[in-house]
Amino acid sequence: MKYKVERNTRFDYTGQNYGELFPNLHKYPATMLPQIGIDVLKEFSIPNGILLDPYCGSGSSFASGLGYGLTQMVGYDINPLAVLISKVRFTNISVKNILKTMQSFRNTIFEFLKDHEYPKKLPTPMITNIDFWFSSEVATNLALLKHCIEQIDNEPIRNFYKLPFSETVRECSYTRNDEFKLYRMKPDECLRFNPDVIGMYFKKLENNLSLYQQFYSKKLKGVSVKVTAIPFPARGQNHKFDVVLTSPPYGDSRTTVAYGQFSTLSNEWLGINKARSLDNQLMGGVRANEDTVNGLMSDYIEQVRTIDPKRSLDVSAFYRDLGASIGSVATSVKKGGKSIYIVGNRTVKGVQLPTDQFIAEKFEENDFRHLITFERAISNKVMPLKNSPSNIAGKTSKTMLSEYIVVCEKMN
């Protein structure tokens with residue numbers, strides 16, 4: 001069955017960018033444009049109920065909900081860094097208390113710096129291959145910042161101070177910061193790299209405070225956003241949510257967007273155990289033993305299998321996990337509630353995979369009715385016009401140029 005797709009230029013947002021409505025306080029891969037969610041919520045006149053994002057990332061759907069006027073939102077994400085970003089952006093924190101903390105925080109930092117023996121008084125950071133990713137001076141200054149942040153008693157304010165720390169970790173490392181994956185700078189670039197860790201941190205902290213005060217603080221009064229660092233729970237949420245608004249991963253993290261690699265250094269410095277195994281915990285992280293996906297996607301996976309059997313198992317694993325997740329999400333939605341999934345149809349081994357159709361099919365298998373799928377041009381993301389998915393020299397194909405807004409309604 002082919003589910004209806006309608007090209008809708010209204011959702012192209014040519015020339016618009018993410019930061020126009022709710023600037024992010026921390027870089028994060030593949031963020032959804034909040035304008036999409038706001039306008040789709042308006043299109044279907046979503047009531048002022050509870051919004052769910054089962055893969056919330058840095059909180060784009062919450063920005064949409066906030067812009068639309070929703071006051072209750074719930075999110076889940078398996079990535080602790082994503083949860084931290086979302087919590088900080090959408091927790092109502094007293095700006096006055098953030099400023100008050102800043103003065104004492106500065107004093108604590110500079111008291112340490114006056115003591116030439118201070119590095120010996122800091123806990124040893126447990127970072128994998130720390131000397132490979134950080135100079136000794138950078139690591140010492142990061143350890144100082146981390147130690148002083150952990151002394152902040154108030155958890156929301158402590159989280160606020162962790163966010164610029166996370167960005168400072170990445171930007172002061174030997175990582176090539178124009179990549180989401182972990183790639184080290186060339187040796188000669190490392191020799192010339194001498195960042196001002198403390199100065200960079202305070203600049204980011206002050207910038208975040210300015211953005212938070214200007215774009216978030218007043219809008220968060222009376223708003224409840226609860227974010228949890230686990231995968232979306234299994235079936236049985238008792239029809240709690242009025243709308244699901246989300247943009248799930250387009251494929252497994254290893255071969256699409258490298259959420260795990262992007263977050264690794266930050267998560268380790270923030271004290272997250274097994275931060276380097278995150279990609280294995282995300283959708284498709286555990287390869288399937290056989291191609292077990294049924295329905296319309298099975299023919300496409302078979303096409304991939306004839307070219308590369310191992311890659312077909314990766315693809316099967318992703319759709320296995322996405323389908324199971326949709327089954328859990330479906331049970332949590334009230335009768336008449338809407339699910340809105342914003343996805344891209346990736347190409348594997350030259351085979352374009354209709355993820356939008358798969359999502360519609362899975363929701364219909366779980367007591368939903370497909371209403372419409374809008375196709376939008378991706379005009380506001382920086383991406384190459386062509387890539388080489390087969391890794392064969394000279395062989396290229398077009399990258400993803402469209403996204404799909406899949407809208408379904410709960411029947412019972």
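(A) Highlighting the pairing of strand E2 (residues 50–53). What you see with E2 is no split at all: Ile50 and Leu52 on one side and Leu51 and Asp53 on the other are buried throughout. Strand direction decides the pairing type here: E2 and strand E3 (residues 72–76), joined by four bridges, are parallel. Along E3, the bridge assignment pairs Leu52 with Val74. For the segment spanning E2, helix H2 (residues 60–68) and E3, crossover handedness is right-handed. As paired strands, E2 and strand E5 (residues 241–246) are joined by two bridges and run parallel to one another. When the sheet's bridge partners are listed, Leu51 is paired in E5 with Val243.

(B) Spatial organisation of the pattern of salt bridges. Counted according to the given criterion, the structure contains 21 salt bridges. Across the salt bridge formed by Asp188 and Arg192, the nearest N and O atoms sit 3.5 Å from each other. Of this pair, Asp188 and Arg192 both sit in helix H8 (residues 187–192), four residues apart, roughly one helical turn. For Asp188, a relative accessible area of 40% translates into the label partly exposed. Judged by relative accessible area, Arg192 falls into the exposed class, the value being 60%. Note that Arg369 is salt-bridged to Glu409, the shortest N-O span being 2.7 Å. In this pair, Arg369 sits in strand E9 (residues 368–377) while Glu409 sits in strand E12 (residues 402–410), placing the two residues 40 residues apart along the sequence.

Criteria and cut-off values
Residues numbered from 1 in each chain as written. Predicted model: local features only at pLDDT ≥ 70, side-chain atom pairs only at ≥ 80, totals over all residues. Heavy atoms only, no water. Buried < 20%, exposed > 50% of the residue type's maximum accessible area, 1.4 Å probe, protein only. Helix = DSSP H or I, 4+ residues; strand = E, 2+ residues; numbered from the N terminus. Pairing = 2+ DSSP bridges. Right-handed = clockwise from strand over helix to strand, strands pointing away. Salt bridge = Lys/Arg side-chain N within 4 Å of Asp/Glu carboxyl O.

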